[in-house]
Amino acid sequence: MYGNILSYEQNDNQITIYFEKQKVILQIIREDIVRVLVPYWMEDYQSAAIEEDKSVPCTYTVEEYENMITVKTGKLTIKLEDDGYMDVYDGSGKLLMSDYRGIRTLGGEVNDEANALLAAEGHVMENMAYNYPVQTVKALDTTDCFYGLGDKTGFINKRGYEYENWNSDLPQAHTESFPALYKSIPFLICKKKNAVFGLFFDNSFRSIFNLGKESEDYFFYGAEGGNLDCYIIGGNTMVEVVSGYTYLTGTTPLPQRWTLGLQQSRWGYESASDLLEVARGYRNHRIPCDAIHLDIDYMQGFRVFTWNEKQYGPIERLTGDLKSLGFKPVCIIDPGTKYEKEYFMYEEGVLGDYFVKDAEGKLYVNAVWPGDANFPDFGRSEVREWWASHHEGLLSNGIMGIWNDMNEPASFHGELPEDVQMHFEERQTTHEEMHNLYGHFMAKATYEGIKEISGRRPFVITRACYAGTQKYSTVWTGDNQSLWSHLQMMIPQLCNLGLSGFAFCGADVGGFGADCTKELMCRWIEAACFSPLFRNHSARGTKRQEPWQFGEECVDITRKYVELRYRFLPYIYDLFYQGTKTGLPVMRPLVLHYEDDPEVQNMNGEFLVGENILVAPVVVEGENKKIVYLPEGVWYDYWTGECFQGRQYIMKDAPLETLPIYIKAGSIIPTYDPVQYIGQRTYTTLRLLTTPGVASWNHYLDNGKDFRYKDGKYNLYHFEKDMAGNITTTMLHENFPGYLSIMVDPLLAK
Ligand code: MIG
């Protein structure tokens, strides 16, 4: 390994340790965040995820022993030994993480003959384990649990599985055996008995996390290139660890209020009349809805930044008609730019040298929807600015949001070769490094374009991304299917995205591929009505998924839960506001707030919305009852007002029209009367839904559209409730037209 420690140097917040064969750099970012950089590749790596210098001055000590150096802040102690072995302790001296001193048990049984037979039958052979050029192996305890990692499939606790970071668009139904999906967020939360910490490996090369799959004795991280660049994030609680991670990579900014309403999408609505019929359908059925999405068909031959007037009429007529119905249109934009002489994007791209090149330096061509296509080199700011400026045509004609797809990047003639030339700003590099950053930089371009052109809070949805993309874009989980297993998976998937910084995330409601049934549609609306991004989307050739396709009962159930969503909108908006400061998500796994309760460490069938609402949807076909676990505290059934002690399982009757919801004792939850769409009327009345017990809540109000809140144009209300139920209101900040009335609605037993 690294050999013996020779010496060390100290410079401000940086300690460089020289081993015989390697140097290791420790950077003290904060008392509770230390970066450990082993610069195999590049010492002054500029992060894509962490955009500014986040270090704050803090005191620390360095102690030198024989064969060991100890660096100690108030909250973390890092011990480095000869050969580079590292152990990490928290402020109280508890061991958090220890390098595994043994060697990996590589491979298992290798039998070429048997493997050949399996392969002949069509089985996909798993990669044989091997040592990665960048690798670190840590000791594992039997009780360790893992969370985070973005959009990975499977369950909330990642223990026992292996995941890969290589943004992938795979057409098969996603199951828990899938190593990779569309996003790479190499942030792992390690929950130990009585301790928790986070590890952020800031490396965009292909990498893996093996979390006790290979061995019960260790877990490991391996990457195909780059540095071993790890931020150790301490904290007393999982909440603090999530906050620490988002302190580094940024929090989700405040969205426009309408983006929290219901959104309807389908690939594809084929004409203006098709779109308008759907919009009118929502109004006729009196189901609130705020947005409608235009998938790839609206373009001329899938050429980005064009408009197919033949089928969709003049753009401003369509957007005007949708607007008069209260709908905000959102358009898809893919990165693949048609390779075609005289197409303006091609001509400009070639002239400006904006497209990626092959290893020989020739324009790189692969195929996507428009046929042969070129790929913008989004890592360069010049290219991002060019791309951003082209949104002008859409935005000035009434398009209100941009949906970025296919930006893994996906391509039809095989994946882009690893040696395709790309840039990270001015530094020339290859696809191998930039693959996992491609969606990130595309989303950033889109965000900056919308912000500059419209002045509104940009509404961007991206499929592929990296750590930190939450600053620019909401995400959806890509091509799920109308399967009960995918409804089930939505809960842990969105919860883990939330723990990974992505407060604004959602899954295609009803499922994208395959045909949805009435029962699945109803249960999906229920399970998703508290998900931050609430969008119904389906694929070409599948059964249509507007609620009225499934008959009257589905329409009624949808209306009930979409109205509920619009009722709880101010609570959700408050959670977004709080999240801009704390980095905490809207939709949360129970383990985030009850981390030492073993019952919730792998709880996949229920979730919290903030801290005050517990949602336990039915996600199994044919079930009409739900076994609900209530964690510590006192909980009230939202529908009946019935009171329950926590730390027990209860059985809730949940026929098709019932979503089990529980409100914590001591809650003040701001609500609005539902509207058909945001902007239909100004909210003049705020209703405070309360449960017994002392409570307080900060409620945030602004115009829900632009950045004027940054100039102080907002109100911040502080509500306090005493034991007797009296509520007092204090204004923490007042610079926006407030409500005409604030009413109190105690949750009563019915
Ligand atoms: O696979 O643009 O995930 O939401 O409707 C086809 C068509 C490409 C994939 C996206 C999906 C979208 C579809 N796209």
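Structure shown above.
Residues numbered from 1 in each chain as written. Predicted model: local features only at pLDDT ≥ 70, side-chain atom pairs only at ≥ 80, totals over all residues. Heavy atoms only, no water.

Novice: Teacher, can you tell me more about the pattern of salt bridges here?
Specialist: Any two side chains of opposite charge can pair if their charged atoms end up close together. The final tally for this structure, using the stated rule, is 40 salt bridges. The partner of Asp-274 in a salt bridge is Arg-544, with the nearest N and O atoms 3.4 Å apart. Taken as a pair, Asp-274 in helix H3 (residues 272–284) and Arg-544 in the loop between strand E33 (535–536) and helix H13 (552–567) lie far apart in primary sequence, 270 residues in all. Residue Asp-479 pairs with Arg-463 through a salt bridge whose shortest N-O separation is 3.8 Å. Highlighted residues: Asp-479 in the loop between strand E30 (474–476) and helix H11 (484–499) and Arg-463 in the loop between strand E28 (460–462) and strand E29 (465–466), separated in sequence by 16 residues. Judged by relative accessible area, Arg-463 falls into the buried class, the value being 2%. Put simply, Asp-169, Asp-405, Glu-408, Arg-463 and Asp-479 are held in one network by salt bridges that share partners. (Salt bridge = Lys/Arg side-chain N within 4 Å of Asp/Glu carboxyl O. Helix = DSSP H or I, 4+ residues; strand = E, 2+ residues; numbered from the N terminus. Buried < 20%, exposed > 50% of the residue type's maximum accessible area, 1.4 Å probe, protein only.)

Novice: Looking at this structure, how should I read the environment of Ile-25?
Specialist: If you trace the backbone, Ile-25 turns up in strand E3 (residues 23–30). We classify Ile-25 as buried; its relative accessible area is 2%. For Ile-25 and Pro-39, which are 14 residues apart along the polypeptide, the C-alpha to C-alpha distance reads 7.9 Å. When neighbours within four sequence positions are excluded, Ile-25 is seen to be in contact with Gln-14, Ile-15, Thr-16, Arg-35, Val-36, Leu-37, Pro-39 and Glu-43. (Contact = heavy atoms within 4.5 Å.)

Novice: Whenever I open this one, the nonpolar core confuses me. Can you help?
Specialist: Across soluble globular proteins, nonpolar side chains have a tendency to be buried as a group. Formed by 192 residues in total, the largest nonpolar core has its most connected members in Phe-200, Tyr-298, Trp-387, Phe-530 and Ile-613. At eight residues, the largest contribution of residues to this core is made by H11. Discounting chain neighbours no more than four positions away, the residues touching Ile-613 are Phe-530, Phe-568, Tyr-571, Phe-607, Leu-608, Ile-661, Tyr-662, Ile-663 and Ile-669. Leu-80, Phe-146, Tyr-163 and Phe-197 belong to the second-largest nonpolar core, a separate cluster that totals 41 residues. (Core = buried A, V, L, I, M, F, W, Y, C linked by side-chain atoms within 4.5 Å.)

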